[in-house]
Every structure is written in structure tokens, then in C-alpha cells.
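Each chain is listed here by its residues.
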Amino acid sequence: MPIRKLSNRAGTPTISLDKGDLALDGIMDEDGTIPDCQMMHLQRMGEGVYVVRAIPDGHEDLKPLRETEMVQGLAAMKLHQEQQRTEEKVSKRLEAGAQL
């Protein structure tokens with residue numbers, strides 16, 4: 001996991017993104033430059049947590065964060081954990097009832 005330093009760029013806090021990751025996402029040109037028209041969306045999620053997303057084709061029609069693959073996966077994981085806890089509680093209650 002790369003760690004980046006927050007820098008001051010003419011009074012604006014900035015952080016760099018990895019060129020390799022940008023290339024994987026098709027954001028960089030073939031010659032390794034970033035298109036002038038590439039826009040990024042920054043969203044604060046909570047204390048110390050930020051999400052940066054590329055805006056496709058320079059348009060501002062991003063799908064809601066809750067519809068992204070990452071958030072959907074986290075929600076599915078959370079649901080699975082809750083289901084396991086519920087099953088454990090039911091199992092313990094059934095065992096306790098059977099002992100009476």
C-alpha cells in the first residue's frame with residue numbers, strides 16, 4: 001500500500017496518484033501523460049477517509065457511490081456477517097431450550 005505525503009501546492013493541499021494505477025484504469029494517454037480534460041471527483045466519507053474517482057469521459061454523470069462495486073462488496077460482507085451472528089444467536093437459543 002503506497003503512502004503519499006500531503007503537499008502544499010500554491011495554498012491547496014494535494015496528493016499524487018500512482019501512474020501505474022491510472023494507466024490500468026485507462027486514464028493516462030499512451031505516452032504517459034494525463035489528458036487535460038480528465039476530471040476527478042473527491043468525496044469525504046468520514047474522518048480521515050476520502051474517495052477519489054475518475055469522471056468518465058469528462059462528464060459529471062458519476063453513479064452514486066453506493067452503486068459502485070467496492071461499496072456493494074462491503075455491503076454484502078456486512079450482510080453476511082449479520083446473518084452469521086443471527087444464526088449463532090438462534091442456535092444458542094435452540095440449544096438452551098433443548099436443555100430444559
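Coordinates for the structure precede this section.
Only a predicted model underlies this, so the values are computations on that prediction, with no experimental measurement involved.

Residues and numbers for the environment of Y50, please.
Along the chain, the position of Y50 falls in strand β4 (residues 49-55). When neighbours within four sequence positions are excluded, Y50 is seen to be in contact with L42, Q43, R44 and M45.

Which residues make up the pairing of strand β3 (residues 39-46), and what values go with them?
With seven bridges joining them, β3 and β4 adopt antiparallel strand pairing. Bridge pairing in β4 links M39 to I55. The hairpin turn running from β3 into β4, its antiparallel successor, is two residues long, and G48 in that turn takes a positive phi close to 75°.

Give a detailed account of a nonpolar patch on the surface, specifying residues and quantitative values.
Together, L17, M40, L42, Y50 and V52 make up a nonpolar patch on the protein surface, roughly 490 Å² of accessible area in all. Those elements giving two or more residues to the nonpolar patch turn out to be β3 and β4. Within the secondary structure, V52 is located in strand β4. The partly exposed category is assigned to V52, whose relative accessible area is 43%.

Calculation rules
- Residues numbered from 1 in each chain as written.
- Predicted model: local features only at pLDDT ≥ 70, side-chain atom pairs only at ≥ 80, totals over all residues.
- Heavy atoms only, no water.
- Helix = DSSP H or I, 4+ residues; strand = E, 2+ residues; numbered from the N terminus.
- Contact = heavy atoms within 4.5 Å.
- Pairing = 2+ DSSP bridges.
- Patch = residues over 30% accessible without salt bridge, like charges linked within 9 Å, V, L, I, M, F, W, Y side chains within 5 Å.
- Areas by Shrake-Rupley, 256 points an atom, 1.4 Å probe, with all protein chains shown as cover.
- Salt bridge = Lys/Arg side-chain N within 4 Å of Asp/Glu carboxyl O.
- Buried < 20%, exposed > 50% of the residue type's maximum accessible area, 1.4 Å probe, protein only.

By themselves, these observations are geometric and do not establish any function.
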